[in-house]
Amino acid sequence: MMTTRKLLLLFIPVAVLLMVALLWQDPDVDSVAGVEPLRPIADSARDVTLPALPDVTAGRNPDAIEPLPAHDGHVPGADLGTDASAAARSLGHLTGRLVDSAGKPVPGEPVLIMLERDPWTPRPGRPGDNERPRQLLASTQSDAEGGFALAARAGVRLTLLAGGARWARSSLSPVHAGEDLTVELSEGLQLEGTVLDEAYGAPVAGAWVLTLVTEDALMARTDETGHFTLGPLPDVNVLLGAWAPGFEVKLQSDVTPTMGPITLELAAGREVKGRVVDRSTQQPVTTGGTLTMTVDVMARLAGSELVATQPAVVQTLTATLDELGSFAFPPGPSMGFDIRTQAEGYVPDAWDRAETRPLGQGDDVTIALWPLGTVAGRVLRDGSPAEGAVVSAVGTSGPFFETTTGLDGRFSIPLDGWDGDRFVTLQASDATGTLAARVRVGGIDEELVLELVPAITLPVQVVRSGVPVVGAEVAALSKRSESTLARSGAEGLVTLVHMLAGPDVETMRLQARYGDRESLPLELDLTAPLAQPPYVLDLDGGAFIEGVVSDAYGTPIASAGLSFRPAAEDDAQQGRGPGGNRDDSNRDRNNRGPRGPGAGGEDDDGGPSARWSTAHSDASGHFRIGPLAANATGSLVVRARDFHDHTESDVAAGSMGLKLFLDRIVRLEGRVVDVSTGLPQQEWYALLQREELNDGKAVFRNTRESVERKPGVPGEFSVALPEAGRYQLRISSANSIPATSLPVDFNGTDAPPFVVVALSPAAVLELTLLDARGRPVGGFGVAAVVWDKASEAATPGGVLKGAKQERTDSAGHARFMLGEGGSYRLAGGPGQWLSGKRVDVRPGPAEQLTLTLPPTGDLEVTVTDEAGRPLAGVRVDLRSSKSEKVHSVSRQTSARTPDGKVLIEVIPPGDYDVTCRRRGYETLKQSVLIKGNVLERMAISLKPKQP
């Protein structure tokens, strides 16, 4: 089964935002007429019945700390060789209280904790891969006083979700076992609207409408009239997307529940088509095959009593390859899907580029498949061939082939059974099971060597302040090896037999957890003689940092997030978040190069001990971070809602009684209006600027604070003021002259007066450039030159330097923002005036102007390799050459068809440079002269890069 994917349905004005939403199929919701019900992908979340959780130290006897009472329900997690009830005994607990903005308790709301990742459990993907959906660990409802208690596992990253039934959902992440949290909920509002067919205005029944607010993803489906209700939602701007089978995705930002019913119009879907090629030869795959397009989402269904979440498929389409290796799907969305390809003689592949980025108009999909082959290698024991060793190949879905080595220790594994997902790992063991090896496959042509090494027997005792602990979870972890998990028995003793991946594994670590505690990892150096066992893991070992977080007046701050980073990790942790995971939110996870058996990087053995330690303060502001190494020193970062971040430097492990004070955020509020009518402006962009001295002169520089629009109040905004000083707001709008507010003096304590910024309409010139046959001319550099004596010159020449310059788009359009306006002459480059006519542009409605160029030419480029075979996937850049003194033109396209041909049309006559680029080949540049009303043809042959 392929990895679950996310539907990209939401965006912000300047960038597409990945929709991370969770969907649960409500069995009580009837399917809309003519629409297939949602189909769950997997049962990855179950509620856990929570028993009374006594203090593990209560009634301590001198012999041992006994296991906690068992849970009645199943607890997801690692298999420790016991039944589900025994697995629950070592769990801790997480408590807290739900309140409203006034601090009053909120009863009867759902509370869930989601398992982000257990470092003891290997992930199916590569390190840093965040595709695996979070797993529901436990759920409950707040009681009459807003209180809740949930089972939790120590040593793992958890996300707490609260609300979602009548109140808007809120979240805290990461949270940990043993914490006591205060979660503030916002009043839940309902967003209503209708989804219509853009072409006919008819309602679209069964459309999916999704929104994303903080950590919560909410989804609704339209009824027979196209109507939907989505909630509960907070009174904030949300991102909204809609889609239905056969239609394109509709995206809309800055939607608030208080704005009233909204209408979303869906355009007709587009045909997704393309070709499948052999990755080695780049030739079409003509052996036939099947492609499956899957649209799946993760969201919770609005109105359902089920508040847990689960991925679900919302549509599946199929296509077949023709004799030219081409395929086409029925009309559908241009984004939010992946394509699974299976072809005879090739490894299956999952193409997911369109999950995160929409296909461009006219874009074709090219899918490259690895030919089926074999993975070969040898198994050695003490440097000699290991006869009779069992070698198994394991993919992300589990083992798919097993074989036995011969006299020479060699093996060969065909990849026919591999599902093509992510990576392949080989595991080898001898007949007795006491020797083992493990390696990640790096490539099909690579010969692998697995050297069997003896397992390490590790007697361990788990204690808490010297008292043995029965039922503690214990793990042995090492690089590339499978985790070894067990549970302590009588006297806290347990013996682990850990299989290493090979002789190059130099270190391993032991760790234990029980209740709300985890031990410090015990690092073992395998290159030196091991210490005399048993290895003692103390749940009360290590150092802690404790203190209180409060505001400037000494009032405790509940649920403040604290992160401690040891100073020695500063360099290694650059670019990492509070949980020690690198922030990949702005990286394209599809840009991962060739998808071979080894794609995905090294196995994750649970991560190094070098990571941020995090915690939250309780209702009294108290916090406790640890366990930490006794000699650790570093910085402590504190964050809390409505307060400025605070960093405490040079904090040492073992510090007790710390008092941390946070400054409350003071916000500047105001409104943006139209200067002529005084009415609020709807579309604008704002920057907060702070006065600074530059060579003794006062200047305003941009700050990093975000100016936020107030939901439900058109034109109004607020922005946090970082510190005392003088500030101003710089407001810009697409059709207005940028404006600056009067300076505001902030003393660091008192909120400044309400500000009003008035925008005046700008002068706008919209130019359309066509050729003599009425075709739009794209990529053409144009300039608006102020009309004066200089503009009367024979050619534009040097006057372009101070002119407003733009470049036409594919439709031949260019838009000039000309401030207060004036009189202009239009130039098409350093040696060409587009018109001798004076153009007067005044503030107000845009001035429309269409100009026609002399006849243009076309260019056909054929790209081949050295053997004369057509090359697809080549990027072709066309630019005016440096010798061209008349105009400036730049165009870019790609060779997408099997014949390797590219047609570039509507090119103004002149000298051009044509540059061809393709991965694995040398870049080549050639010159060409384009003439009017002539189709020029040129052939380019690319050479492979030398290794």
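*Asks:* Quick one: what's the story with the overall build of the protein, residue by residue and with numbers?
*Replies:* Helices and strands together make up the secondary structure of the protein, namely two helices and 74 strands. Considering only intrachain contacts with a sequence separation of at least 6, the fraction spanning at least 24 residues in the protein is 66%. Of the roughly 42300 Å² of accessible surface on the protein, 49% is carried by carbon and sulfur atoms.

*Asks:* Please provide a residue-by-residue account of the sheet that holds strand 45 (residues 543-551), values included.
*Replies:* Strands sit in the order 48-45-51 across an open sheet of three strands; the sheet is mixed. Bordering the open sheet on either side are strand 48 (622-628) and strand 51 (658-662), each of which pairs with just one other strand. Put simply, the sheet's adjacent strands are angled 30 degrees from each other on average, direction ignored. With five bridges joining them, strand 45 and strand 51 adopt parallel strand pairing. Bridge pairing in strand 51 links Asp-551 to Leu-662.

*Asks:* Please give an account of the pattern of salt bridges that cites residues and values.
*Replies:* According to the stated counting rule, one finds 29 salt bridges in the structure shown. One salt bridge connects Glu-669 with Lys-710, and the closest N-O pair in it is separated by 3.1 Å. You can see Glu-669 sitting in strand 52 (residues 666-674) and its partner Lys-710 sitting in the loop between strand 55 (708-709) and strand 56 (716-721), a full 41 residues away along the chain. Exposure remark for Glu-669: the relative accessible area of 31% places this residue in the partly exposed category.

*Asks:* Which residues make up the sheet that holds strand 47 (residues 613-616), and what values go with them?
*Replies:* For sheets, the rule is that strands pair by backbone hydrogen bonds, running either parallel or antiparallel. The strand order 47-46-49-50 describes an open sheet built from four strands, whose pairing is antiparallel. The sheet terminates laterally at strand 47 and strand 50 (646-652), the two strands that pair on one side only. Strand-to-strand twist in this sheet, taken as the mean axis angle between neighbours without regard to direction, amounts to 20 degrees. With four bridges joining them, strand 46 (residues 561-566) and strand 47 adopt antiparallel strand pairing. Bridge assignment links Gly-561 to a residue of strand 47, and that residue is His-616.

*Asks:* How would you summarise the environment of Ala-428 if you had to cite specific residues and measurements?
*Replies:* Summarising the element assignment, Ala-428 is placed in strand 33 (residues 425-429). Given the relative accessible area of 4%, Ala-428 is considered buried. The sequence separation of Ala-428 and Leu-452 amounts to 24 residues, and the corresponding C-alpha distance is 7.4 Å. Contact partners of Ala-428, with chain neighbours within four places excluded, come to Val-379, Val-390, Val-391, Leu-435, Ala-436, Ala-437, Leu-450 and Leu-452.

*Asks:* Describe the side chain of Ser-392, with residues and values.
*Replies:* Its place among the elements puts Ser-392 in strand 30 (residues 390-395). Residues in contact with Ser-392, not counting those within four places in the same chain, are Phe-401, Glu-402, Thr-425, Leu-426 and Gln-427.

*Asks:* Let's hear about the pairing of strand 39 (residues 484-487): which residues, and what values?
*Replies:* Bridge analysis of strand 38 (residues 473-478) against strand 39 gives four bridges, and the strand direction is antiparallel. Bridged to Val-474 within strand 39 is Ala-486.

*Asks:* Could you give an account of the pairing of strand 49 (residues 633-639), naming the residues involved and the relevant values?
*Replies:* When you tally the buried positions in strand 49, you get five out of seven residues, the bulk of the element. Across six bridges, strand 46 lies against strand 49 in antiparallel orientation. Looking across to strand 49, one finds that Arg-565 is bridged to Ser-635. Bridge count for strand 49 against strand 50 is five bridges, and the pairing is antiparallel. Opposite Val-637, over in strand 50, you have Thr-647 as the bridge partner. Linking two consecutive strands that pair antiparallel, namely strand 49 and strand 50, is a turn of six residues; a positive phi of about 70 degrees is found at Asp-642 within it.

*Asks:* Any details on the packing of aromatic side chains? Residues and values, ideally.
*Replies:* As enumerated under the stated definition, the model contains four aromatic pairs in all. Ring centres of Trp-208 and Trp-243 lie 5.3 Å apart, and the angle between their planes is 25 degrees; on these two criteria the pair is classed as stacked. Here the residue Trp-208 occupies a position in strand 14 (residues 208-213), and Trp-243 occupies one in strand 17 (residues 238-243), the gap between them amounting to 35 residues. No difference in accessibility class separates Trp-208 from Trp-243, as the two residues are buried. The ring centre of Trp-120 lies 3.9 Å from the NZ or CZ of Arg-513, which sits over that ring.

*Asks:* Tell me about the environment of Leu-662, and name the residues and values.
*Replies:* If you trace the backbone, Leu-662 turns up in strand 51. Overall, Leu-662 belongs to the buried group, its relative accessible area being 0%. Separated by 108 residues in the primary sequence, Leu-662 and Gly-554 place their C-alpha atoms 9.6 Å from one another.

*Asks:* Can you lay out the environment of Val-713 for me, pointing to particular residues and giving the numbers?
*Replies:* Among the structural elements, Val-713 can be located in the loop between strand 55 and strand 56. Overall, the relative accessible area of 32% leaves Val-713 in the partly exposed class. Along the chain, Val-713 and Thr-256 lie 457 residues apart, while their C-alpha atoms are 9.8 Å from each other.

Rules behind the numbers
- Here the residue index of a chain counts from 1 through its sequence in written order.
- Owing to the predicted nature of the model, reporting of local features is limited to residues with pLDDT of at least 70; listing and counting of side-chain atom pairs is limited to 80 or more, with chain, interface and lining totals taken over all residues.
- The side-chain values count all of the structure's non-hydrogen atoms but skip hydrogen atoms and water molecules.
- In this text, helices come from DSSP runs of H or I with a minimum length of four residues, and strands from runs of E with a minimum of two, each type numbered from the N-terminal end.
- Here, residues are in contact when the closest pair of their heavy atoms is within 4.5 Å.
- Using a 1.4 Å probe, accessible areas were evaluated by the Shrake-Rupley method; residue-level cover was limited to the displayed protein chains.
- Pairing between strands requires that DSSP locate at least two bridges from one strand to the other.
- Inter-axis angles, ranging from 0 to 180 degrees, are taken between N-to-C directions of lines fitted to C-alpha atoms, where helices are fitted over the stretch in contact.
- For this document, the term salt bridge refers to a Lys or Arg side-chain nitrogen within 4 Å of an Asp or Glu carboxyl oxygen.
- Burial classification: accessible surface area is computed with a 1.4 Å probe over protein chains only, and a residue below 20% of its type maximum counts as buried, one above 50% as exposed, and the rest as partly exposed.
- Pairing of aromatic side chains requires ring centres within 6.5 Å, counting the rings of Phe and Tyr and the six-membered ring of Trp. Pairs whose planes differ by under 30 degrees are stacked, by over 60 edge-to-face, and all others tilted.
- Consider the ring centre and the ring normal. A charge sits over the ring if Lys NZ or Arg CZ is within 6 Å of that centre and within 35 degrees of that normal.

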